[in-house]
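This is what each chain is made of:
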Amino acid sequence: MSGPQRNTRRQRDGGGHEGAGGREYGGRRAVVTGLGVVSPHGIGAEAFWKAAEDGTSSLGPVTREGCDHLPLRVAGEVRGFDAAETVEERYLVQTDRFTHFALTATHLALTDARFGRADVESPYSVGVVTAAGSGGGEFGQRELQNLWGQGSRYVGPYQSIAWFYAASTGQVSIRNDFKGPCGVVAADEAGGLDALAHAALAVRNGTDTVVCGATEAPLAPYSIVCQLGYPELSRAGEPDRAYRPFTGAACGFAPAEGGAVLVVEEEAAALDRGADVRATVAGHAATFTGPSRWAESRAGLARAIEGALAEAGCRPEEVDVVFADALGVPEADRAEALALADALGAHARHVPVTAPKTGTGRAYCAAPVLDVATAVLAMEHGLVPPTPHVFDVCHDLDVVSGRARPAEIRTALVLGRGLMGSNSALVVRRGGTAPSASG
């Protein structure tokens, strides 16, 4: 993360300390004020939440052009998406689909936060942090086909930047004139949570606002061929059987496109402009255990959970819901269940566990960011959304399935793991006022 940082208009004096709401730095707290979602469930947080609440599945046959002969049969596609409705042509022609998602989700998040040009005290007070794994595969494939089929004169100048995993951060920053701390997290699929942690750290270190999140578009032919090397990828042909974590029928994960962007602000600055504080980014920790070493991920994930809870000043029994990583690989699912038992103790058997991503597919870096958005919405609606396609759980977990479960949710734990070995945990608290240590 780089770029100039500054003291904000309401930075408080005093040293950092750890309270019930998480670790504070000079009294600065990072809060969520806006959500923007582009997902297989639909465009916008409202459509996304309605489908998640109802336990809808948006998994279906892969229909993208050039993919019909590939062995990947089921995925979560974003249908009916028209980037031109929210993004100017000059940005569309130089960017890939994954950046189109990011630009649209950013527009939705800023609108949701009621954050406009008048709220930007200085361009250097707003930063951008995203995570990406697959990059601009569709754009890159098209330009390389032009090179092979027609020659170098038919390759556009934007090939040099559109495929790059940092393209979304750059284009969001340029389009909105955000010149604060900007960065890209390359930390495997868990990187989505790490991007939110980087945003929270930037806020604590003096930045007023950070636009953060992750979007992915991994369903172009070349991108799918690359994914076929993952043994964890589901080859199932039926949407209701392709992604069933924590069950005896688990056969891997169905991939997805889309993602989410959040507006994270310093709490006092947000309140100054009259924003609604929807949630607090309270604690985070990350570890690394190596590619596909799922048995070893038990210890790494447990350590990440313990670290996130410690930073949040949160006892295990205060966790009201767990948004699971839910890879859908038997060994990985078992390791996750055991990691929760190791980190949460007896509470792991009783806390509601959910994985709404089984209804959309696993959107790589964007998957845990979509879970964070879902967690914020779940806290606001007092409902734990169900886990589509999962009924016969074979682990000692209280997995919510069938229908949404009413619950008072004050603290959510969101988990993410990557195929290359990253583990990440994020604690999100409801609103801007943390519950007391006594619960």
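Residues numbered from 1 in each chain as written. Predicted model: local features only at pLDDT ≥ 70, side-chain atom pairs only at ≥ 80, totals over all residues. Heavy atoms only, no water.

A.B. asks: What is the right way to read the overall build of the protein chain from this model?
C.D. replies: Across its full length, the protein chain holds 12 helices and 18 strands. A globule of 439 residues ought to have a C-alpha radius of gyration of about 22 Å, and the protein chain, at 20 Å, matches this closely. Along the three orthogonal principal directions, the C-alpha set of the protein chain runs to about 65 × 55 × 35 Å. Per-residue burial over the protein chain gives 62% buried out of 439 residues. Summarising the internal contacts of the protein chain: among those between residues at least 6 apart in sequence, 79% fall at separations of at least 24. For the protein chain, the accessible surface area stands at approximately 16100 Å², while carbon and sulfur atoms represent 51% of it. Of the side chains in the protein chain, 39 bear a positive and 51 a negative charge, and the two mean positions are spaced by 1 Å. (Helix = DSSP H or I, 4+ residues; strand = E, 2+ residues; numbered from the N terminus. Rg over C-alpha atoms; globule rule 2.2 N^0.38 Å. Buried < 20%, exposed > 50% of the residue type's maximum accessible area, 1.4 Å probe, protein only. Contact = heavy atoms within 4.5 Å. Areas by Shrake-Rupley, 256 points an atom, 1.4 Å probe, with all protein chains shown as cover. Lys, Arg positive; Asp, Glu negative; His and termini not counted. Charge placed at Lys NZ, Arg CZ, Asp CG, Glu CD.)

A.B. asks: What is the right way to look at the packing of helix α1 (residues 45–54) against helix α12 (residues 366–381) in this model?
C.D. replies: A pair of packed helices can be characterised by two numbers: the angle between their axes and the separation between those axes. Packing of α1 against α12 brings their axes to within 11 Å, and their N-to-C directions diverge by 80 degrees. By the angle between their directions, the pair α1 and α12 is classed as roughly perpendicular. Where α1 abuts α12, its residues Ala-45, Phe-48 and Trp-49 lie against Leu-370, Thr-374, Leu-377, Ala-378 and His-381. Split by residue class, the contact of α1 with α12 holds six nonpolar, two polar and no charged. (Axes fitted to C-alpha atoms, helices over the stretch in contact; angles between N-to-C directions. Parallel < 35°, antiparallel > 145°, perpendicular 65-115°, else oblique. Nonpolar A, V, L, I, M, F, W, Y, C, P; charged D, E, K, R; others polar.)

A.B. asks: Quick question: what am I supposed to make of the UniProt feature "domain: Ketosynthase family 3 (KS3)" (unreviewed entry) in the protein chain here?
C.D. replies: Here the UniProt feature "domain: Ketosynthase family 3 (KS3)" (unreviewed entry) sits at residues 27–430. For residues 27–430, the end-to-end C-alpha separation is 18 Å, with 33% helix and 20% strand making up the annotated structure. (UniProt positions renumbered as here; feature names shortened; annotations may be inferred.)

A.B. asks: Any chance you could explain the state of the cysteines here in plain terms?
C.D. replies: Linking two cysteines covalently via their sulfur atoms produces the bond known as a disulfide. Evaluated as defined, the whole model comprises zero disulfides. Free cysteine Cys-67: the closest other cysteine sulfur is in Cys-226, separated by 12 Å. Judged by its relative accessible area of 2%, Cys-67 falls in the buried class. Of all cysteine sulfurs, the one in Cys-394 lies closest to Cys-251, which takes part in no disulfide; the gap is 13 Å. For Cys-251, a relative accessible area of 35% translates into the label partly exposed. (Disulfide = S-S within 2.5 Å.)

A.B. asks: How should the nonpolar core be read in this particular structure?
C.D. replies: Grouped together as the largest cluster of nonpolar side chains are 52 residues, with contacts concentrated most on Ile-305, Val-319, Val-322, Leu-340, Leu-344, Leu-413 and Leu-415. At the level of secondary structure, the elements contributing two or more residues to this core comprise β6 (74–75), β11 (279–288), α10 (294–312), α11 (330–344), β17 (411–417) and β18 (422–430). The biggest single contributor to this core is α10, with eight residues. Every residue in contact with Leu-415, bar those within four places of it in the chain, is listed here: Leu-193, Leu-301, Ile-305, Val-322, Phe-323, Ala-324, Asp-325, Glu-336, Leu-340, Pro-368, Ser-424 and Ala-425. (Core = buried A, V, L, I, M, F, W, Y, C linked by side-chain atoms within 4.5 Å.)

A.B. asks: Looking at this model, I keep getting lost on the pattern of salt bridges. Mind explaining?
C.D. replies: If charged atoms from side chains of opposite charge come close, those side chains can pair. Inspection of the entire model under this criterion finds 25 salt bridges. The shortest N-O distance in the salt bridge between Arg-278 and Asp-112 comes to 2.4 Å. Of this pair, Arg-278 sits in the loop between α9 (267–272) and β11 while Asp-112 sits in helix α3 (residues 97–112); the two residues are 166 residues apart in sequence, bridging distant segments of the chain. Judged by relative accessible area, Arg-278 falls into the buried class, the value being 15%. (Salt bridge = Lys/Arg side-chain N within 4 Å of Asp/Glu carboxyl O.)

A.B. asks: I'm lost on the side chain of Glu-257 in this one. Help?
C.D. replies: Take Glu-257: it is sitting in the loop between α8 (221–227) and β10 (258–266). With relative accessibility at 1%, the residue Glu-257 sits in the buried group. Here Arg-97 takes part through its side chain, which lies 3.0 Å from a polar atom of the side chain of Glu-257. Ignoring any residue separated from it by four or fewer positions in sequence, one finds Glu-257 in contact with Pro-40, Arg-64, Gly-76, Glu-77, Val-78, Arg-97, Phe-101, Glu-216, Ala-217, Pro-218, Leu-219 and Ala-363. (Polar contact = N/O pair within 3.5 Å; in protein donor to acceptor, adjacent residues only side chain to side chain.)

A.B. asks: Explanation requested: unusual backbone geometry in the structure shown.
C.D. replies: Comment: phi is negative for the bulk of residues other than glycine, and the bulk of peptide bonds are trans. In this structure, Phe-246 takes a positive phi of about 65 degrees despite not being glycine. Summarising the element assignment, Phe-246 is placed in the loop between α8 and β10. By relative accessible area, Phe-246 is classed as buried at 1%. Backbone geometry at Tyr-364 places phi at a positive 50 degrees, although glycine is not the residue there. Summarising the element assignment, Tyr-364 is placed in the loop between β13 (352–354) and α12.

A.B. asks: It is not clear to me how the side chain of Thr-95 should be interpreted in this structure. Could you clarify?
C.D. replies: Relative to the assigned elements, Thr-95 resides in the loop between α2 (89–92) and α3. A residue is classified by how much of its surface remains accessible, and Thr-95, at 3% relative accessible area, is buried. Not counting residues within four places of it along the chain, the set of residues in contact with Thr-95 comprises His-100, Phe-139, Ala-162 and Gln-171.

A.B. asks: So what exactly am I meant to see when it comes to α10 here?
C.D. replies: Counting along an α-helix, one turn takes 3.6 residues, and residues three or four places apart therefore face a common direction. Along its 19 residues, α10 runs 26 Å from first to last C-alpha, staying within 8% of the 27 Å computed at 1.5 Å per residue. Phi turns positive, to about 65 degrees, at Gly-313, one or two residues after α10. (Expected span 1.5 Å × (residues − 1).)

A.B. asks: Got a minute to help me understand the pairing of β18 in this structure?
C.D. replies: Side chains on a regular strand alternate between the two faces of the sheet. Counting buried residues in β18 gives eight out of nine residues, a clear majority hidden from the surface. Inspection of the sheet shows β11 paired to β18 by nine bridges, in the antiparallel sense. Considered in β18, the bridge of Val-281 is made with Val-428. Two strands pair when backbone bridges link them, and β17 and β18 are joined in this way by seven bridges, in the antiparallel orientation. Within β18, the residue paired with Ala-412 across the bridge is Val-428. (Pairing = 2+ DSSP bridges.)

A.B. asks: Explain helix α4 (residues 137–150) here, please?
C.D. replies: Relative to the 20 Å expected for 14 residues at 1.5 Å per residue, α4 spans 19 Å between its end C-alpha atoms, a close match to the ideal helical length. Taken as a whole, α4 has its buried residues at Gly-137, Phe-139, Gly-140, Gln-141 and Glu-143. At its buried positions, α4 is contacted by α5 (159–162) and α8. Following α4 by one or two positions, Gly-151 has its phi on the positive side, about 115 degrees.

A.B. asks: Help me understand the environment of Thr-104 in this model?
C.D. replies: Tracing the sequence through the fold places Thr-104 in helix α3. The exposure class of Thr-104 is buried, given its relative accessible area of 3%. On a C-alpha basis, the gap between Thr-104 and Ala-425 in space is 27 Å, while along the polypeptide they are 321 residues apart. When residues no more than four places from it in sequence are discounted, the contact partners of Thr-104 are Val-38, Phe-81, Ala-83, Thr-86 and Val-87. A polar atom in the side chain of Thr-104 sits 3.0 Å from the side chain of Thr-86.

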